[in-house]
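Remarks on the overall topology
Letter by letter, the chains look like this.
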Amino acid sequence: MRDWQAKAVRFFFRFVQDRNSVLILSVLVGLAWGGPAEWTRHLVLPALAVVMTLSVMDIRKDAFSSLAHALRPALAGVVMSYVVLTGVTLSLAFLLIRDKSFLTGFVIIAAVPPAVAVVPFTMFLRGDVHFSLLGNVGAYLAGLVLMPLIAFAFIGETISSPLRLAAVAVELILLPVIASRILLRLRIGPTLQRFKGPISNWGFFLVTYTVIGLNRDILLGHTLSLLPVFFVAFATTIVLGWVIEHGARVAGVKPERIVPFVLLGTLKNYGLAGGLALSLFDRA
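Here we summarise the structure given alongside this text. As the structure is a computational prediction, the values presented were derived from the model and not from experiment. (Residues numbered from 1 in each chain as written. Predicted model: local features only at pLDDT ≥ 70, side-chain atom pairs only at ≥ 80, totals over all residues. Heavy atoms only, no water.)

1. What to know about the overall build of the chain
Scanning the chain from N- to C-terminus turns up 15 helices and zero strands. When each of the 284 residues of the chain is scored for burial, the buried share is 44%. Taking contacts inside the chain between residues at least 6 apart in sequence as the whole, the part at least 24 apart equals 83%. Surface exposure of the chain reaches about 15,600 Å², of which carbon and sulfur atoms provide 69%. (Helix = DSSP H or I, 4+ residues; strand = E, 2+ residues; numbered from the N terminus. Buried < 20%, exposed > 50% of the residue type's maximum accessible area, 1.4 Å probe, protein only. Contact = heavy atoms within 4.5 Å. Areas by Shrake-Rupley, 256 points an atom, 1.4 Å probe, with all protein chains shown as cover.)

Have a look at this one:
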């Protein structure tokens, strides 16, 4: 192999394993060419399920053996997602958003549980994956009750498909945990671990590209009307994340647990929110 070819191969392998490069590429491709997103949208949940399976392989066997040990992170997930993030999102939305459709969208976002990507992101950022997983499970279980209550209280609509949320929780939390245990028992896990980085990176490429591609026209053509939306989104992610991180440090939270606290307190399941929004708008 010639020298330039060897360099090209090394560059390629470095690129596919660098999550920042892959993320930037997904945004650029989504803005430039959004058409295929109509087809890739059907691959988002399977892609997240694969990423989730790889992410939870490091969970130790006794993770769910003690209810007492599971209760604290589960409650932390409920508090961060449904007290902190939901409270801040609803407060800012009702204060700043005047468009009824945008306001309805923020209510639905506030009502859904945290993003399943919280667990893989915790892995990427070298946080406590066990704590993150149990926090996500707790928030999803609470969401079965809180999601329709929040929607009914603030927009007068009941999200009429709790089974849909249950299905997402099973597909993106329970099944990946089971699959990861099976793969480890079959001794396939160690082999897959070698490719966990690239697989996870490109799984997130698919998710990010799809979200950007589906909203390309709005992002490029109606930027000014989205300024209040951008402000609320910035405040509930960047600003709120900074506040949670510094508050956790002052409170003496272990460094590896600050990551799941920040992620659970700043990320919602936007894919599920979009599907539920479409259902509500279809009935309107």
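2. Section: the pattern of salt bridges
The tally for this structure, following the rule as stated, stands at four salt bridges. Between Arg257 and Asp128 there is a salt bridge, with the nearest N and O atoms lying 3.3 Å from each other. In this pair, Arg257 is assigned in helix H14 (residues 255–264) and Asp128 in the loop between helix H7 (118–124) and helix H8 (129–155), connecting sequence segments 129 residues apart. The exposure class of Arg257 is partly exposed, given its relative accessible area of 26%. Asp128 sits in the buried class, given a relative accessible area of 16%. Of the charged contacts in the structure, one is a salt bridge between Asp217 and Arg216, with a shortest N-O distance of 3.8 Å. Judged by relative accessible area, Arg216 falls into the partly exposed class, the value being 27%. (Salt bridge = Lys/Arg side-chain N within 4 Å of Asp/Glu carboxyl O.)

3. Some thoughts on the nonpolar core
By size, the foremost hydrophobic cluster in this structure holds 35 residues, and its most contacted members are Met52 and Leu133. Counting residues per element, the ones that place at least two in this core are helix H4 (44–55), helix H5 (67–96), H7, H8, helix H9 (162–185), helix H11 (196–214), helix H13 (227–250) and H14. It is H14 that provides the largest number of residues to this core, a total of six residues. Tyr82, Ala110, Val112 and Met147 belong to the second-largest nonpolar core, a separate cluster that totals ten residues. (Core = buried A, V, L, I, M, F, W, Y, C linked by side-chain atoms within 4.5 Å.)

4. What about the side chain of Thr210?
Of note, Thr210 is situated in helix H11. Given a relative accessible area of 2%, Thr210 falls into the buried group. Apart from the residues lying within four places of it in its own chain, the contact partners of Thr210 are Ala37, Thr40, Arg41 and Val44.

5. Here we look at unusual backbone geometry
Unlike most non-glycine residues, Arg126 shows phi in positive territory, near 60°. Looking at where Arg126 falls in the secondary structure, it is placed in the loop between H7 and H8. One non-glycine residue, Arg187, lies in the positive phi region at around 65°. The exposure class assigned to Arg187 is exposed, which follows from its relative accessible area of 71%.

Purely spatial values, then, with no claim about function.
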